[in-house]
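Tertiary structure, described
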Amino acid sequence: MTTNVSSTKIDPSTTATSPSQSPNSPARDSALVALRKRLLSRYGIVLVWFLMAVFFSFAAPKTFLTFGTVQTIFGSQSTLVFLAMAAVATFAVGEFDLSIASIMGLSATVLPVMAINVGVPEWAALLIALVVGVLAGAANGFIIVILGIDPIVTTLGMSVLLLGIAQAISNLVAVTGLSLQLSNLAVYNVAGLPLAFYYGIVIAVIFAIVLAFTPLGRHMRFVGANREVARLSGIRVQRIRFGSYVFSGLSCGVAGVLLSVSVGGFDSSTSSAYLLPALAATFLGTAVVRPGTFNPIGTLVTIYFLVTGIVGLQLLGFSSWVSNVFYGAALVVAVTVSTIARKRIIRR
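Note that this is a predicted model, so its numbers are computed, not measured. (Residues numbered from 1 in each chain as written. Predicted model: local features only at pLDDT ≥ 70, side-chain atom pairs only at ≥ 80, totals over all residues. Heavy atoms only, no water.)

A word on the overall build of the chain
For clarity, the threshold we go by: Secondary structure follows DSSP: runs of H or I at least 4 residues long count as helices, runs of E at least 2 residues long count as strands, and numbering of each begins at the N terminus. Only the protein chains shown count as cover for residues, and the accessible areas themselves come from Shrake-Rupley with a 1.4 Å probe.
Check the secondary structure of the chain and you find 15 helices and four strands. Accessible surface for the chain amounts to roughly 17,900 Å². Of this, 68% is attributable to carbon and sulfur atoms.

A look at a nonpolar patch on the surface
Formally: Here the term patch refers to residues with relative accessible area over 30% and no salt bridge, with like charges joined within 9 Å and nonpolar side chains (Val, Leu, Ile, Met, Phe, Trp, Tyr) within 5 Å. For this analysis, a salt bridge means a side-chain nitrogen from Lys or Arg found within 4 Å of a carboxyl oxygen belonging to Asp or Glu. Burial here depends on accessible area, computed with a 1.4 Å probe over protein chains only, as a share of the maximum for the residue type. Under 20% is buried, over 50% is exposed, and the range in between is partly exposed.
A cluster of nonpolar side chains, namely Leu47, Phe50, Leu51, Val54 and Phe58, defines an oily patch on the protein surface of about 530 Å² accessible area. The residue Leu47 is located in helix 1 (residues 26-59) in this model. Residue classification places Leu47 among the partly exposed positions, given a relative accessible area of 42%.

What to know about the packing of helix 9 (residues 195-213) against helix 10 (residues 215-225)
Test applied: All axes here are fitted lines through C-alpha atoms, helices being fitted over the stretch that makes contact, and every angle between N-to-C directions spans 0 to 180 degrees. Here the word oblique covers every angle except those under 35 degrees (roughly parallel), over 145 (roughly antiparallel) and from 65 to 115 (roughly perpendicular). Here, residues are in contact when the closest pair of their heavy atoms is within 4.5 Å. Gly falls in the polar group here, along with every residue not listed as nonpolar (Ala, Val, Leu, Ile, Met, Phe, Trp, Tyr, Cys, Pro) or charged (Asp, Glu, Lys, Arg).
Viewed as axis vectors pointing N to C, helix 9 and helix 10 meet at an angle of 75°, and their least axial separation amounts to 5 Å. Looking at the two axes, helix 9 sits roughly perpendicular to helix 10. Contacts between helix 9 and helix 10 involve Phe207, Val210, Leu211, Ala212 and Phe213 on the former and, on the latter, Pro215, Leu216, Gly217, Arg218, Met220 and Arg221. Across the contact of helix 9 with helix 10, the residue classes tally to eight nonpolar, one polar and two charged.

With respect to helix 5 (residues 100-118)
Note the following rule: Expected span of a helix, by definition, is 1.5 Å for each gap between consecutive residues, and there is one gap fewer than residues.
Between its first and last C-alpha atoms helix 5 spans 26 Å; for 19 residues at 1.5 Å apiece the expected length is 27 Å, and the two agree. Summarising burial for helix 5: 15 of the 19 residues are buried, a large majority. Once helix 5 finishes, Gly119 follows within two positions and takes phi at roughly 95°, a positive value.

Considering the side chain of Ser271
Looking at where Ser271 falls in the secondary structure, it is placed in the loop between strand 4 (265-266) and helix 13 (275-284). Classification of Ser271 by relative accessible area gives buried; the value is 1%. When neighbours within four sequence positions are excluded, Ser271 is seen to be in contact with Ala101, Ser102, Met104, Gly105, Leu163 and Phe266.

Things to note about the packing of aromatic side chains
Note the cut-off: For Phe, Tyr and Trp, where Trp contributes only its six-membered ring, two rings pair if their centres lie within 6.5 Å, and the inter-plane angle classes them as stacked under 30 degrees, edge-to-face over 60, or tilted in between.
Across all of its chains, the model carries twelve aromatic pairs by this definition. Seen in terms of ring centroids, Phe91 and Phe96 are 5.1 Å apart; in terms of plane orientation they differ by 65°. Their pairing is edge-to-face. For Phe91, a relative accessible area of 6% translates into the label buried. Their ring planes at 65° and their centres at 6.1 Å tell us that Phe197 and Tyr304 sit as a pair that is edge-to-face. In this pair, Phe197 sits in helix 9 while Tyr304 sits in helix 14 (residues 296-315), placing the two residues 107 residues apart along the sequence. Across this residue pair, the class does not change: Phe197 and Tyr304 are buried. Taken together, Trp49, Phe74, Phe197, Tyr198 and Tyr304 form an aromatic cluster joined through their ring pairs.

Quick notes on the environment of Ala101
Within the fold, Ala101 resides in helix 5. In this structure the C-alpha to C-alpha distance between Ala101 and Ala86, which are 15 residues apart in sequence, comes to 9.8 Å. Excluding residues that lie within four positions of it along the chain, Ala101 makes contacts with Leu83, Ser271, Ser272, Tyr274 and Leu275.

Comments concerning unusual backbone geometry
In this structure, Asn171 takes a positive phi of about 55° despite not being glycine. Assignment of secondary structure puts Asn171 in the loop between helix 7 (151-169) and strand 1 (175-176).

Let's talk about the pattern of salt bridges
Enumeration over the complete set of coordinates arrives at three salt bridges. A salt bridge links Arg241 to Glu95, with the nearest nitrogen and oxygen atoms 2.5 Å apart. Here the residue Arg241 occupies a position in helix 12 (residues 237-263), and Glu95 occupies one in the loop between helix 4 (78-91) and helix 5, the gap between them amounting to 146 residues. The same class applies to Arg241 and to Glu95, which are both buried.

A closer look at the nonpolar core
The condition that has to hold: To define a nonpolar core, start from buried Ala, Val, Leu, Ile, Met, Phe, Trp, Tyr and Cys residues and group those joined through side-chain atoms within 4.5 Å.
Residues Leu111, Tyr304 and Leu306 are the most contacted members of the largest nonpolar core, which totals 83 residues. At eleven residues, the largest contribution of residues to this core is made by helix 4. Every residue in contact with Leu306, bar those within four places of it in the chain, is listed here: Ala280, Ala281, Leu284, Phe326, Tyr327 and Ala330.

See the structure below:
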């Protein structure tokens with residue numbers, strides 16, 4: 001018995017192409033549009049940063065396109081990086097800290113005062129300065145978390161108090177004279193940039209890994225999103241809130257030490273000038289990498305984005321007042337963008 005199998009010839013011109021197979025299908029186009037929007041929402045500032053650098057390269061080629069400018073931009077912001085990481089630590093868990101600049105200033109003052117005026121060995125003075133930062137952060141945590149006092153009022157009061165203490169122990173004068181050996185901890189050059197620059201990169205990367213990939217980081221983000229739900233889920237909310245202030249104090253202490261050893265001393269009256277740049281970078285960082293959330297890498301990117309704009313404008317002849325305008329405008333824009341992004345996340 002034989003079976004006849006007839007073969008049917010298929011005309012390619014009559015074959016229907018499914019939407020998923022068409023290279024110009026609406027589904028594929030919408031996916032590309034969604035990807036483009038996602039990339040712009042996460043890395044739009046990086047693109048603006050690149051375009052800004054291109055503009056300044058053409059506007060001031062003899063001054064902006066130099067390695068000296070690169071060193072100015074990337075080699076002078078380590079203090080601000082650690083200060084902004086302190087802000088991120090508290091904001092990430094839903095807290096607020098206006099005393100970060102004063103904690104930094106107190107640590108930066110304690111180091112030269114102990115080493116030069118009191119005569120304590122420099123390494124011991126450095127450790128004391130770090131401990132002072134940790135204790136200041138712990139004091140904030142105790143008052144806010146344990147006693148339940150409003151964080152804005154508490155940290156604003158602590159900011160003024162710690163500034164006064166720093167001015168008192170320094171007798172309202174700049175204390176200088178730290179040794180070159182101690183300064184090398186921050187200013188020693190590696191590939192044309194000071195060691196302090198690499199410290200900032202390391203702390204930002206480690207902090208980002210902790211927030212994104214560890215149970216502690218997930219708990220921190222959970223507490224920041226909804227404190228009550230986190231408590232009902234068994235998370236030790238009070239411990240995490242208190243720990244964020246302690247870490248903030250330590251990071252401020254490191255920032256103060258780096259600042260003090262970089263210049264050989266410190267003037268306690270200048271610490272308040274660091275608060276606005278730190279807050280501006282922290283809030284603007286919520287528009288980068290992880291939109292709507294406080295994140296270390298986004299903050300790191302915006303620090304160098306902002307300083308690039310300021311340095312470029314100053315090279316074009318603008319006075320030093322441009323930094324206040326730039327940071328102030330960035331803070332307003334950052335808070336607006338952060339608020340809108342958070343509302344969109346909640347709606348989803």
